[in-house]
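# Structure assessment
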Amino acid sequence: MAAPSSGIGPREAQHRTRSRVGGGLFLACVAASLAACGGGDHSSATSATTGQAPATTSVAPPTTAPTTTVPPTTTVPTTASTTTTLPTTTTTTTTAPTTTTTPPVTFPPIINQAMETMQPRPAGLEAPEVLPSAPAAVSAEASGLGGTYSVTLIATPTEEPVNSPQLASAAGNPASDLGTFSTIASTSTADASRFLRSSRAQDIATCAGPSTPVRLGGTVAATACPSAQGPVLNWDVGAWKVQVQRVGGSKDANAQATILARWLATHALPAAADGGLVSVSVPGTPEAGSSVSSIVLWDHGANVYQTSAPGNELAALDLAISLKPWPATT
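This text gives an overview of the structure that appears in the document. Quick caveat: nothing in here was measured; it's all calculated off a predicted structure.

What follows is about the overall build of the protein. When helices and strands are counted, the protein shows five helices and 12 strands. Looking at the protein as a whole, 36% of its 330 residues qualify as buried. Within the structure as shown, the protein displays about 19,100 Å² of accessible surface, and the carbon and sulfur contribution to it stands at 57%.

In C-alpha cells, the structure reads:
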C-alpha cells in the first residue's frame, strides 16, 4: 500500500504509532408355614355259644376313633427391620470469584484538547495516558491530513493552548521535544499491513557486509554488521524487529543496545498484527546530531501507529506503551 498522503516519511518530524446424598430403603420379608397331620385305630369282638347252633355272630361295626385335626400352626409374618438412612447434610463453601478491576483510562487535559482538534476523527485513534516528564509544563501541537493524525508534545515554561503561536520557538528546539505519536488510518487490515512493511523497510538500515554474532548483556543474541549509515546491531523480539544504529563513526552502539535489550526483557510491546519495528539511532559524529533518537512502529487492525522521541533509547518506547484508545470509554 502506498503511504498515506500525509507527507510524513520515516524518521521525520512527525511520527506515528491498542455428597451428593444417596439413600434408599431395602425391605425383606421372610414367611414360613408349618402344617401337622394326625391318625386313629379300630378293634372287633366275636362271641360263641357251645352246643347250640351257632349263634349269630354280630360284628360290631368298627368304632372309628375320632380324628383330631390339629390346626396348622400359623406363623406370624416377620416384619423385616427397616433401616432408614438419614440424609447427610453437605456444607458447600462458595468462594466468590475474584474480580480484577481495571482503573478507568483518563487522559491529561492537554491530550484531550489536542485530540479534539481533529475533525472529522478517523477510527482507531490512540493517545498517551501518561505525559512524558518535563521540567515545568507540557504543551502540544496537533495536525491531521489524509487520515493521519499526529501530536507533538513540547516542554514549555507554562502550558500553552494547542497549536499556540508561542510554541514555534520551543518546537524548533530539540531539547524541548518530548516526543510525537501518530495514528495512520487505513481502509483495511491488509492495507495497514502493507504500509507497515513498506515503512519498516525504509526505516531499517540494510547490512552492507557480513553479520557476526553478538551477546547483549551476556544473554540476548544479536548480530552486528556494517551499513551505509554506520554499524548496526539487529535482533528479534517475537515478530518485532529491533535495530540500534550508530550513525557515522565506526563502533557499534553496544551500550545503548544493552539498555534497550534489558527494557524489552521486562516490558510488553504493544499488541501488533504483523509485529513492528523498534529503531534507535545513536549519533556517531557531530553532523548526526547531539542526542539519541528512537522510533516505534506497528500495526493493529486497520491502523498503523508510530511514536518517536529524541533524548534516549527508551523515550519512544515509554510513549508507545502508554497509548490507549481515544476517547476513553466508560
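Pairing is mixed across the open sheet formed by 10 strands, whose spatial order is β2-β3-β4-β11-β10-β9-β8-β7-β6-β5. Of all strands in the sheet, those bounded by a partner on one side alone are β2 (137-145) and β5 (212-216). Along the sheet, successive strands turn relative to each other by an average axial angle of 20°, direction set aside. Of the strand pairs in this sheet, strand β9 (residues 276-283) and strand β10 (residues 293-300) are connected by six bridges, and their pairing is antiparallel. If you follow V280 over to β10, its bridge partner there is S294.

Per the stated rule, a full pass over the model turns up one disulfide. Here C207 pairs with C225 through a disulfide, and the sulfurs are 1.9 Å apart. Torsion about the S-S bond of the C207 and C225 cystine: about -75°, corresponding to left-handed handedness. Within this pair, whereas C207 is found in the loop between α3 (189-203) and β5, its partner C225 is found in strand β6 (residues 220-225), the two being separated by 18 residues in sequence. C207 gets classed as partly exposed once you look at its relative accessible area, which sits at 32%. Assessed through its relative accessible area of 4%, C225 is described here as buried.

Turning next to the layout of surface pockets. Reported here for the second largest pocket is a volume of approximately 220 Å³. Mapped onto the lining of the second largest pocket, the elements with two or more residues apiece are β4 (177-185) and α5 (315-321). In terms of residue count, α5 provides more of the lining of the second largest pocket than any other element does, three residues in total. Residue composition of the lining of the second largest pocket, grouped by class: seven nonpolar, three polar and two charged.

A few words on the nonpolar core. Judged by nonpolar contacts, the single largest core of 50 residues is most densely connected at M115, V151, L153, F181, W235, L260 and L317. Ranked by size, the runner-up nonpolar core spans seven residues in total, among them A192, L196, L277 and L297.

Each aromatic ring pair is described using two quantities: the centre-to-centre distance and the angle formed by the ring planes. All chains considered together, the criterion is met by two aromatic pairs. Ring centres of W240 and W298 lie 6.3 Å apart, and the angle between their planes is 35°; on these two criteria the pair is classed as tilted. Taken together, the residues span a long stretch of sequence, with W240 in strand β8 (residues 240-247) and W298 in strand β10 at a distance of 58 residues. An identical accessibility class is assigned to W240 and W298; each is buried. Grouped by ring-pair contacts, the aromatic residues W240, W298 and Y305 constitute a single cluster.

Time to look at the environment of L260. Here L260 lies in helix α4 (residues 254-266). Here L260 falls in the buried class, since its relative accessible area comes to 0%. C-alpha separation for the pair L260 and N312, spaced 52 residues apart in sequence, amounts to 9.9 Å. Not counting residues up to four positions away in its chain, the partners in contact with L260 are W235, V242, V244, V278, V280, E313, L314 and L317.

Right, let's get into unusual backbone geometry. The step from Q119 to P120 runs through a cis peptide bond, and the omega angle for that step is -10°. Inspection of the secondary structure assignment puts P120 in the loop between α1 (109-116) and β1 (126-128). Omega for the bond connecting W326 with P327 falls within 30 degrees of zero, at 0°, which places this linkage in the cis form. Along the chain, P327 turns up in the segment after β12 (323-325). In this model, N163 sits at a positive phi of 60°, which is unusual for a non-glycine residue. Examined against the element boundaries, N163 turns out to sit in the loop between β3 (148-156) and α2 (167-171).

Rules behind the numbers
Residues numbered from 1 in each chain as written. Predicted model: local features only at pLDDT ≥ 70, side-chain atom pairs only at ≥ 80, totals over all residues. Heavy atoms only, no water. Helix = DSSP H or I, 4+ residues; strand = E, 2+ residues; numbered from the N terminus. Buried < 20%, exposed > 50% of the residue type's maximum accessible area, 1.4 Å probe, protein only. Areas by Shrake-Rupley, 256 points an atom, 1.4 Å probe, with all protein chains shown as cover. Pairing = 2+ DSSP bridges. Axes fitted to C-alpha atoms, helices over the stretch in contact; angles between N-to-C directions. Disulfide = S-S within 2.5 Å. 1 Å grid on protein atoms, 1.4 Å probe; cavity = no way out; pocket = protein on both sides within 12 Å on 5 of 7 lines; lining within 4 Å. Points joined across faces, edges and corners; volume = space filled by probe spheres on them. Nonpolar A, V, L, I, M, F, W, Y, C, P; charged D, E, K, R; others polar. Core = buried A, V, L, I, M, F, W, Y, C linked by side-chain atoms within 4.5 Å. Phe/Tyr/Trp six-rings, centres within 6.5 Å; stacked < 30°, edge-to-face > 60°. Contact = heavy atoms within 4.5 Å.

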